[in-house]
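Architecture and fold: a report
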Amino acid sequence: AFNGTWKVDRNVNYDKFMEQMGINLMKRKLAEHDNLKLVIEQNGNKFSIKETSRFRTKDIEFTLGVQFDYSLADGTEMNGTWEMDGDSVMKGNFTRKDNGKILSTTRIFEGEEMVQTYSYEGVDAKRIFKKA
Ligand code: MYR
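In short, a report on the structure. (Residues numbered from 1 in each chain as written. Predicted model: local features only at pLDDT ≥ 70, side-chain atom pairs only at ≥ 80, totals over all residues. Heavy atoms only, no water.)

Considerations on the environment of Thr63
- Note that Thr63 resides in strand E4 (residues 57-63).
- In the structure, Thr63 is positioned 68 residues away from Lys131 in sequence and 23 Å away in space, judged by C-alpha atoms.
- Once you skip the residues sitting within four places of it in the chain, Thr63 turns out to touch Asn45 and Lys46. (Helix = DSSP H or I, 4+ residues; strand = E, 2+ residues; numbered from the N terminus. Contact = heavy atoms within 4.5 Å.)

This is the structure:
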């Protein structure tokens with residue numbers, strides 16, 4: 001169900017979320033319109049994701065429940081895991097390596113759209129993706 005090409009369509013409270021993450025105004029302005037595209041391929045417990053944005057192209061591979069490293073476009077390093085909750089909900093928990101704080105995230109479906117939620121230190125945001 002996650003398989004396919006997903007393009008970000010709109011954000012909810014993403015600026016505030018990035019601010020809580022400590023990202024400066026100029027970078028936030030660019031990131032708000034980063035044209036993020038995720039090409040997701042799931043095979044059983046294994047995911048391969050090609051992330052493309054105005055900042056970079058990145059290939060990510062992970063296995064559900066197995067810890068992996070991931071760095072944000074600004075260089076912030078994290079590690080953590082994704083797990084499934086049923087067939088159609090992904091739940092991720094990632095720890096920032098610089099301060100030990102947790103970013104939690106989910107991917108769920110709402111109608112035809114995939115919604116990714118983000119939560120960090122009490123601030124929540126969403127990015128809503130449409131299938132390309
Ligand atoms: C993936 O499944 O796409 C790769 C792993 C994602 C890890 C968690 C994503 C957090 C992204 C937060 C971006 C916020 C920028 C302030």
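Considerations on the site of the ligand
- Looking at the ligand, there are 16 residues lining it, with Phe17, Ile23, Ile49, Trp82 and Arg107 nearest.
- Between the ligand and the protein, one listed contact pairs an oxygen atom with a side-chain N or O atom of Arg107 at 2.7 Å.
- In the complex, the protein chains occlude 92% of the 470 Å² of accessible area that the ligand would expose alone.
- Mapping the ligand onto the cavity grids shows that it belongs to the largest pocket.
- Going through the elements one at a time, helix H1 (14-20), E4, strand E5 (68-71) and strand E8 (102-110) are the ones with two or more residues in the shell around the ligand.
- For the shell around the ligand, the leading source of residues is H1, giving three residues. (Near = heavy atom within 4 Å. Polar contact = N/O pair within 3.5 Å; in protein donor to acceptor, adjacent residues only side chain to side chain. Areas by Shrake-Rupley, 256 points an atom, 1.4 Å probe, with all protein chains shown as cover. 1 Å grid on protein atoms, 1.4 Å probe; cavity = no way out; pocket = protein on both sides within 12 Å on 5 of 7 lines; lining within 4 Å. Sits in = over half its atoms within 2 Å of the grid points.)

Some words on the packing of aromatic side chains
- Counted according to the given criterion, the structure contains 10 aromatic pairs.
- Taking the centre distance of 4.8 Å and the plane angle of 40° together, the rings of Phe2 and Phe109 count as tilted. Of the two residues, Phe2 is situated in the segment before strand E1 (4-12) and Phe109 in strand E8; the sequence distance between them amounts to 107 residues.
- For Phe2, a relative accessible area of 0% corresponds to the buried category. (Phe/Tyr/Trp six-rings, centres within 6.5 Å; stacked < 30°, edge-to-face > 60°. Buried < 20%, exposed > 50% of the residue type's maximum accessible area, 1.4 Å probe, protein only.)

As for the pairing of strand E2 (residues 37-43)
- Pairing between E1 and E2: four bridges, direction antiparallel. Residue pairing across strands places Thr5 opposite Val39, the latter belonging to E2.
- As defined by bridge partners, E2 adjoins strand E3 (residues 46-52) across seven bridges and the pair is classed as antiparallel. Residue Lys37 lies in a different strand from E3, and its bridge partner there is Thr52.
- Hairpin connection from E2 to E3: two residues lie between these consecutive antiparallel strands, with Gly44 at a positive phi of about 60°. (Pairing = 2+ DSSP bridges.)

Note that every value here comes from positions in space, so none of it alone points to a role or purpose.
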